[in-house]
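Listed below, chain by chain, are the residues.
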Amino acid sequence: MSATGSQKRLTPTQIAAMKGGKPIVCLTAYTTPMARLLDEHCDLLLVGDSLGMVLYGMETTIGVTLDMMIAHGKAVMRGVANACVVVDMPFGSYQESKETAFRNAVRIMQETGCDAVKLEGGEEMAETIAFLTKRGIPVLGHIGLMPQLVHTAGGYRSVGHSEHETSKIRRDAHAIGGSGAFAVVVEGTVEPLAREITASIHIPTIGIGASSACDGQILVSDDILGLFNDFKPRFVKRYDELGKRVADAAASYAEEVRARKFPAAEHTFKRRS
Ligand code: KIV
């Protein structure tokens, strides 16, 4: 899909206008080659801080820095012509104050050229999101299971099972819906709540483990491709097993090198006479 005008990439405003229409297709991307492969199939590509686990072998997203997000944001921007590109604000780059959030979001926008930033948090972040959006920074919200809160939440687990959690997520959805965010990621929650939120806020909900009731879906690309095998959340569907295919290819290469079958004549330079 491509937009009209000088910018070919979909804008956050156009993503917002997709509310209630065709489902919004989103995936993560962290590198130029992957962004090139995914771009034409997606409305939105997220440079997620999940890259800490997926690319760097970290146990959580807590160790991801602003510089890492900017480096990967730049790489993704080199590979995208169609999709709206959103870069995650990492842990510690926006929680302290709305002014710090603004300065760090400006760095991300200026240094990567991306279309928007994403930050985690409900009611407690609504004021920060309003501050950013009123000053020209489009924001994608993120509520429900918030991976950056792993240490205070006591681990990664789906939320919205008790009345207490349900009313908190409901309040978060309404706060982010009214904050100026152009859309909101809803992660790891039960279907009736995702359906209720989607019907009651005016911005699109992008679900991850939050049922088909949402306005769009997002998953980690390496999860759907079978490239990340440390763990597989229940909500992930594998569309390929590239991890196994990579290991098989490496085993074939190793076998041929050891048997002196590779390189063959066609891979070898001959002296020009
Ligand atoms: O970091 C991430 O990849 C995310 C998701 C919503 C997939 O936040």
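The rules behind these values
- Residues numbered from 1 in each chain as written.
- Predicted model: local features only at pLDDT ≥ 70, side-chain atom pairs only at ≥ 80, totals over all residues.
- Heavy atoms only, no water.
- Helix = DSSP H or I, 4+ residues; strand = E, 2+ residues; numbered from the N terminus.
- Rg over C-alpha atoms; globule rule 2.2 N^0.38 Å.
- Buried < 20%, exposed > 50% of the residue type's maximum accessible area, 1.4 Å probe, protein only.
- Areas by Shrake-Rupley, 256 points an atom, 1.4 Å probe, with all protein chains shown as cover.
- Lys, Arg positive; Asp, Glu negative; His and termini not counted.
- Charge placed at Lys NZ, Arg CZ, Asp CG, Glu CD.
- UniProt positions renumbered as here; feature names shortened; annotations may be inferred.
- 1 Å grid on protein atoms, 1.4 Å probe; cavity = no way out; pocket = protein on both sides within 12 Å on 5 of 7 lines; lining within 4 Å.
- Contact = heavy atoms within 4.5 Å.
- Near = heavy atom within 4 Å.
- Polar contact = N/O pair within 3.5 Å; in protein donor to acceptor, adjacent residues only side chain to side chain.
- Nonpolar A, V, L, I, M, F, W, Y, C, P; charged D, E, K, R; others polar.
- Arc of directions from axis to C-beta.

1. Describing the overall build of the chain
Part 1 of the reasoning: The secondary structure content of the chain amounts to 11 helices and eight strands.
Part 2 of the reasoning: For a compact globule of 273 residues, the expected C-alpha radius of gyration is about 19 Å, and the chain comes in at 21 Å, within 12% of that figure.
Part 3 of the reasoning: In terms of its C-alpha atoms, the chain occupies a principal-axis envelope of roughly 75 × 45 × 35 Å.
Part 4 of the reasoning: Taken across its 273 residues, the chain has 51% of its residues classed as buried.
Part 5 of the reasoning: Accessible area of the chain: about 13,800 Å², with a carbon and sulfur share of 56%.
Part 6 of the reasoning: Taken as two groups, the 30 positive and 31 negative side-chain charges of the chain have centres that lie 7 Å from each other.

2. Describing the UniProt feature "binding site: Mg(2+)" (unreviewed entry) in the chain
Part 1 of the reasoning: Following the UniProt record, the feature "binding site: Mg(2+)" (unreviewed entry) maps to Asp49, Asp88 and Glu120 here. In summary, the annotated positions, though distributed over 72 residues, converge in three dimensions, the widest C-alpha pair being only 10.9 Å. Lining the largest pocket, from the residues named above, are Asp49, Asp88 and Glu120.
Part 2 of the reasoning: Position of aspartate 88 relative to the elements: it lies in strand β3 (residues 84-88).
Part 3 of the reasoning: Ignoring any residue separated from it by four or fewer positions in sequence, one finds aspartate 88 in contact with Leu46, Val47, Gly48, Asp49, Met69, Ile108 and Lys118.
Part 4 of the reasoning: You can see glutamate 120 is positioned in the loop between β4 (116-118) and α6 (123-134).
Part 5 of the reasoning: When sequence neighbours within four positions are dropped, the list of residues in contact with glutamate 120 reads Asp49, Tyr94, Met125, His142, Met146, Pro147, Gln148 and Leu149.

3. Concerning the environment of valine 80
Part 1 of the reasoning: On the secondary structure map, valine 80 appears in the loop between α4 (66-77) and β3.
Part 2 of the reasoning: Among the residues examined, valine 80 registers a relative accessible area of 11% and is labelled buried.
Part 3 of the reasoning: Between the alpha carbons of valine 80 and arginine 171 there is a distance of 35 Å; along the sequence they are 91 residues apart.
Part 4 of the reasoning: Those residues in contact with valine 80 that sit more than four places away from it in its chain are Arg9, Ala35, Asp39, Leu45 and Val85.

4. Concerning the site of the ligand
Part 1 of the reasoning: What surrounds the ligand is the set Thr28, Leu46, Gly48, Asp49, Ser50, Asp88, Lys118, His142, Val185, Ile208 and Val220.
Part 2 of the reasoning: Measuring from an oxygen atom of the ligand, one finds a side-chain N or O atom of aspartate 49 at 3.0 Å.
Part 3 of the reasoning: Protein burial of the ligand: of its 250 Å² of free accessible surface, 96% is covered by the chains.
Part 4 of the reasoning: Partitioned by chemical class, the residues of the shell around the ligand number four nonpolar, four polar and three charged.

5. Here we look at helix α9 (residues 191-200)
Owing to its 3.6 residues per turn, the α-helix brings residues three or four apart onto one side.
Part 1 of the reasoning: Here α9 has its buried residues at Leu193, Ala194, Ile197 and Thr198. The arc enclosing the buried residues of α9, seen along the axis, measures out at 130 degrees, which places them on a common side. For α9, exposure combined with an orientation more than 90 degrees from the buried face picks out Pro192 and Ala199.
Part 2 of the reasoning: In this structure, the buried side of α9 is in contact with α8 (163-177) and β7 (205-208).

6. Focus: the environment of lysine 98
Part 1 of the reasoning: Within the fold, lysine 98 resides in helix α5 (residues 98-112).
Part 2 of the reasoning: Between the C-alpha atoms of lysine 98 and methionine 53, which are 45 residues apart in sequence, the distance is 27 Å.
Part 3 of the reasoning: In this view, lysine 98 contacts Glu127, Thr128, Phe131 and Leu132; residues no more than four positions away in its chain are not counted.

7. Topic: the UniProt feature "binding site: 3-methyl-2-oxobutanoate" (unreviewed entry) in the chain
Part 1 of the reasoning: What UniProt calls "binding site: 3-methyl-2-oxobutanoate" (unreviewed entry) maps, in this numbering, to Asp49, Ser50, Asp88 and Lys118. Their sequence span is 70 residues, while the largest C-alpha to C-alpha distance among them is just 12.5 Å; these annotated residues converge on one region. Taking the annotated residues in turn, Asp49, Ser50, Asp88 and Lys118 line the largest pocket.
Part 2 of the reasoning: Among the secondary structure elements, serine 50 is positioned in the loop between β2 (44-47) and α3 (51-54).
Part 3 of the reasoning: Leave out the neighbours within four places in its chain, and serine 50 touches Thr28, Tyr30, Thr61 and Val220.
Part 4 of the reasoning: In this structure the side chain of serine 50 is engaged in a polar contact, spanning 2.6 Å, whose partner is the side chain of tyrosine 30.

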